[in-house]
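In case you want the letters, here they are:
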Amino acid sequence: MTRLKQTWLFAVQLLIFAIGVTPQFATTDVQAQSSQAKTAVSTQELATETREFLAKEVAAHFGNIKTLQPPPDRVFNALTVGEFSWGSFARALAAQADLGGNRTIAGKDAARAIAEMGLIESRQGGKAFAQLYSTLALRHYGKDLSKNPVWQSMNESERKEWHSLLDPTRFYDAKKRQVISLPENYLGVAARVAAMSYEMGVLKDKAFLDSVVERAAQQFTDGAIYADDNPPTGRYDRYSNEYARFCWDAAEIAGRNDIKEKLKPSLKIQMKLWWDLVSPEGYGYNWGRSQGLVSYLDTLEIAAFVGQHPEFRPAALTEIAALYNQAWRWIRADYSDKTHLFTVFAYGRGNYAYISLIREWQQTGTGLGKIILANDEFMEVLENEKVTEFPAKPTLGEVARFEFFAKGKDKQEGVWLVRQGAIRFALPITVGPKPAISDYLPAPFGLPGFSAPVEEIYPSFVPFLTLGDGKVYAASDGADSITPGADARSLKFLNSKWAQLGSKSGERFEIGLTSDVEFVLENGKLARRETLTALKDVEIKLWKFAFPSTASSSYMTSQNGRQTFFLQGREGKSTVSFKVAEGTKLAVVASGDGRLGKGVLGAIPLHLVAETENIKLASGQKLSWEITVEPK
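Computed from a predicted model, the values in this text were never measured in an experiment.

Turning to empty space enclosed by the protein, a few remarks are in order. In this structure the tally under the stated criterion is 4 cavities of 30 Å³ or more. Roughly 160 Å³ of internal volume is contained in the largest cavity. Gln291, Gly292, Gly350, Asn351 and Ile355 are, among the 18 residues lining the largest cavity, the residues nearest its centre. Broken down by class, the residue content of the lining of the largest cavity amounts to 8 nonpolar, 7 polar and 3 charged.

So, in C-alpha cells, the structure goes:
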C-alpha cells in the first residue's frame, strides 16, 4: 500500500528564493544563451572583452579611493580593513598598469599609490599573502629598483619599511625552516617572496633563498605527488596544486632546475586530477576550505600555467581554452556592475570564517589581480599557438577512477572521481581542519542536487553517532582501508577508528564499532550502503544523517520499507531513497537563512534528515542502512 505525502515550503520561503537568485542561476542563463548563439569563441573577442572589463573595473576602484592618507575604511562600501586587502588591490592595480599598457589609471599615476598601499600593509604588520601581493606589485614596475617608479617614489625611511615587507621571515622561521602558525602551503608563499626579493636585489643571501626554496619543495622532492597541508594529519585539497605551482615559480626564479625536475611528476599528475575533477562550467576543486569564486579563479590560473608549460597539459589547448571560457562566464556573471564587487556574500552563499565581511573588498581585489595576470598569460599562449577560435564549451570525457593521496599503515586517503552522464562528483577521503567538518567528509561533492553547508560540523551525507558517554563520532577523516572496484564504478572503505567531534584534527578513536561503507554506481543512481558491526556491547543514543539539498520543493512516497523523496530545485530534479532501521524518523527541514542553508555556490533550502534514538547493539550484532540518489 502506498502512502503519499506532499511537502511544500511556505510561500514566504519560496519568495525568498525567488528574489534571492544566486550567480549560479544567472550564469546558467548566460551560458545557455551563449551556447544557443554560437558554438565557437573568437580568441580576439574574448581577449578584448576581458581586457576592457579589467581596465574599467580597476579604474573604477582606483578612482573611488580619494586618499590614502589616511586610507579609507571602505571602497564601494566594502570594508578595506581585512587581512591583505591593500596588498591585494596593489597587486591588481600594478598588474593593470603594467599589462594594460597605461600607468595612468583613473587620471592618477598608480606608482606612488602602490608604494603607499605597501606602506599600509607594512605598518599594520601584514604578512604572507600581504607580502606576496605587495612584492608582485613592486615587481610589475621592474626588477631593477634603480629604475622602478614605485621604489623611486619613496624616501629612504619608506624603503626600509618596504624592506620588511619583502622579507619572508615575517612569517617564516629560518632556524626551524618552518612557517609560523600557518598551513604547509604557505611555504610556497615564503619561497616566492624570497625569490622575487632576491631577483630585485633586496634579499642578498643566495644561500638563504636556496634554503627556503628547498624547504618549500621538500614534500615533492622527497617523492610525494600530493602535499599534505598539515603534516602529519593528512589534509589534502586544492592547495596541493597551488602549492606545487608556487614552488615551481620560486625554483624558476632561483635557477633551481634540479627542483623543477623533481616537481614535474607531481605537476603532471595533479593537472590530470584537476582535469578529471573540473565541471563543464569550469568549477574545479569542490571540497575543502577554499571553494566558490576561488575555484573558478583557479581554472583561469591553472589554464595559464599549463598553457605556458605544455608538458603539463592534461588536454588539448583548445579544450583548456573552452574550459577557461566557461569559468570566465561564471566569474563575469558573479561580478556585480552595480556594486563593483564579487557577490561572495549573496543570499545563500557560504564562506569559510576567514572570508568575513571585513575582507569583502580584498576578495574582489584578489580576484581582479588573478584574472589580469592569468588572462594576459593565457591569451598570449593562444595567440602564439595560432588558436584563433575554440569551442564555447569543453568536451569532458567520462571519468570513473580513484586517486590515492596517501597509503599509510594506519590510514589511507584519496578521492573518487566520477563523471558519468548526469552523475558527477568528487568524493574525498581525507582530513579537515576540524574532525568531521562538512567540507571534508567522504561525501559526493558536486553531485547535482547535493550541497554541504560551509564549515559546519554536520552529518552531511555521513552519519553522526552519539554514544552512551555523550561523545559524537563520524566514520570520516581518512579510512583504515580503501578498495576501489575494478572498474572504479564502486568504492569500499572501512573504519575501525572514528573521528570524534571536538577533538584534534587527524585524531581517530576506537569506539567498539566498525563501519563498512560501499558506494555503487548503478543504472544512473549513486547508492551508499553502510553496515555497522559491534565489537562489544554498544549503546547509540542518537544516529543522525542529513542530505542537504539545493532543491526548494519535495514530496515523499513510502513503499515496502523504502521512503523516497522527489526533489526539485535550481539544479533540476533528483530522487533520494532511504532504506533505514525500523524506528528511524525522516523529516524535511527548511534551512531558511541560517548557517545550514549556506553553500559555496548558493542556498541549500531543504535538508532531508534521518534520526534514530536509543540503538543498542550486542557484541557481533550488525546494523545496516542505505541511501540512493538519482539526479535527473
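Further notes follow.
Given a rise of 1.5 Å per residue, 18 residues ought to cover 26 Å, and the 26 Å separating the end C-alpha atoms of helix α15 (residues 317-334) matches this to within 8%. Taking burial as the measure, the 18 residues of α15 include 15 buried ones, the bulk of the element.

On to the pattern of salt bridges, then. Here the structure, examined in full by the defined rule, presents 38 salt bridges. Measuring nitrogen to oxygen at the nearest pair gives 3.4 Å for the salt bridge that ties aspartate 276 to lysine 272. Linking aspartate 276 with lysine 272, this pair stays in helix α13 (residues 257-277), spanning 4 residues, or about one helical turn. A residue is classified by how much of its surface remains accessible, and aspartate 276, at 7% relative accessible area, is buried. Under the relative-accessibility criterion, lysine 272 is labelled partly exposed at 37%. Each of Lys206, Asp210, Glu214, Arg256 and Asp258 takes part in a single network of salt bridges with overlapping partners.

Another aspect to go through is the packing of helix α6 (residues 129-139) against helix α8 (residues 156-165). Taken N-terminus to C-terminus, the directions of α6 and α8 make an angle of 125°; their axes are 9 Å apart at the nearest point. By the angle between their axes, α6 is oblique relative to α8. From α6, Gln131, Ser134, Thr135 and Leu138 reach across to α8, where they touch Trp162, Ser164 and Leu165.

Moving on to the packing of aromatic side chains. Aromatic ring pairs are reported here in terms of the distance separating the ring centres and the angle at which the planes meet. A complete count under the given rule lists 38 aromatic pairs for this structure. Plain terms: the ring middles of phenylalanine 53 and tryptophan 328 are 5.5 Å apart, the flat faces sit at 70° to each other, and that makes the pair edge-to-face. Remark: tryptophan 328 occurs in helix α15 and phenylalanine 53 occurs in helix α3 (residues 43-64); sequence separation between them is 275 residues. Judged by its relative accessible area of 5%, phenylalanine 53 falls in the buried class. A residue is classified by how much of its surface remains accessible, and tryptophan 328, at 1% relative accessible area, is buried. Between phenylalanine 450 and phenylalanine 547, the ring centres sit 5.7 Å apart and the planes meet at 45°, which makes this aromatic pair tilted.

For the rest of this paragraph, the subject is the pairing of strand β21 (residues 538-549). As defined by bridge partners, strand β15 (residues 464-467) adjoins β21 across 4 bridges and the pair is classed as antiparallel. The residue bridging threonine 466 from the neighbouring strand is leucine 542, located in β21. Here β21 pairs with strand β26 (residues 606-617) via 11 bridges, running antiparallel. Opposite valine 538, over in β26, you have leucine 617 as the bridge partner.

On to the environment of glycine 478, then. Following the sequence through the fold, glycine 478 ends up in the loop between β16 (472-474) and β17 (481-484). The contact partners of glycine 478, leaving out residues within four places of it in the chain, are Lys411, Gln412, Glu413, Ile429, Thr430, Val431, Asn495 and Arg508.

Attention shifts here to the pairing of strand β22 (residues 551-559). For a regular strand, side chains alternate in direction, first toward one face of the sheet and then toward the other. Across 8 bridges, β22 lies against strand β23 (residues 562-569) in antiparallel orientation. Opposite serine 558, over in β23, you have glutamine 563 as the bridge partner. Hairpin connection from β22 to β23: 2 residues lie between these consecutive antiparallel strands, with asparagine 560 at a positive phi of about 55°.

Okay, the environment of phenylalanine 404 next. In this fold, phenylalanine 404 is placed in strand β12 (residues 399-407). Exposure remark for phenylalanine 404: the relative accessible area of 24% places this residue in the partly exposed category. A C-alpha to C-alpha distance of 9.2 Å links phenylalanine 404 and isoleucine 429, two positions 25 residues apart in sequence. For phenylalanine 404, the contacting residues outside a window of four places in its chain are Tyr226, Gln412, Glu413, Gly414, Ile482 and Pro484.

Conventions and cut-offs
- Residues numbered from 1 in each chain as written.
- Predicted model: local features only at pLDDT ≥ 70, side-chain atom pairs only at ≥ 80, totals over all residues.
- Heavy atoms only, no water.
- 1 Å grid on protein atoms, 1.4 Å probe; cavity = no way out; pocket = protein on both sides within 12 Å on 5 of 7 lines; lining within 4 Å.
- Points joined across faces, edges and corners; volume = space filled by probe spheres on them.
- Nonpolar A, V, L, I, M, F, W, Y, C, P; charged D, E, K, R; others polar.
- Helix = DSSP H or I, 4+ residues; strand = E, 2+ residues; numbered from the N terminus.
- Expected span 1.5 Å × (residues − 1).
- Buried < 20%, exposed > 50% of the residue type's maximum accessible area, 1.4 Å probe, protein only.
- Salt bridge = Lys/Arg side-chain N within 4 Å of Asp/Glu carboxyl O.
- Axes fitted to C-alpha atoms, helices over the stretch in contact; angles between N-to-C directions.
- Parallel < 35°, antiparallel > 145°, perpendicular 65-115°, else oblique.
- Contact = heavy atoms within 4.5 Å.
- Phe/Tyr/Trp six-rings, centres within 6.5 Å; stacked < 30°, edge-to-face > 60°.
- Pairing = 2+ DSSP bridges.

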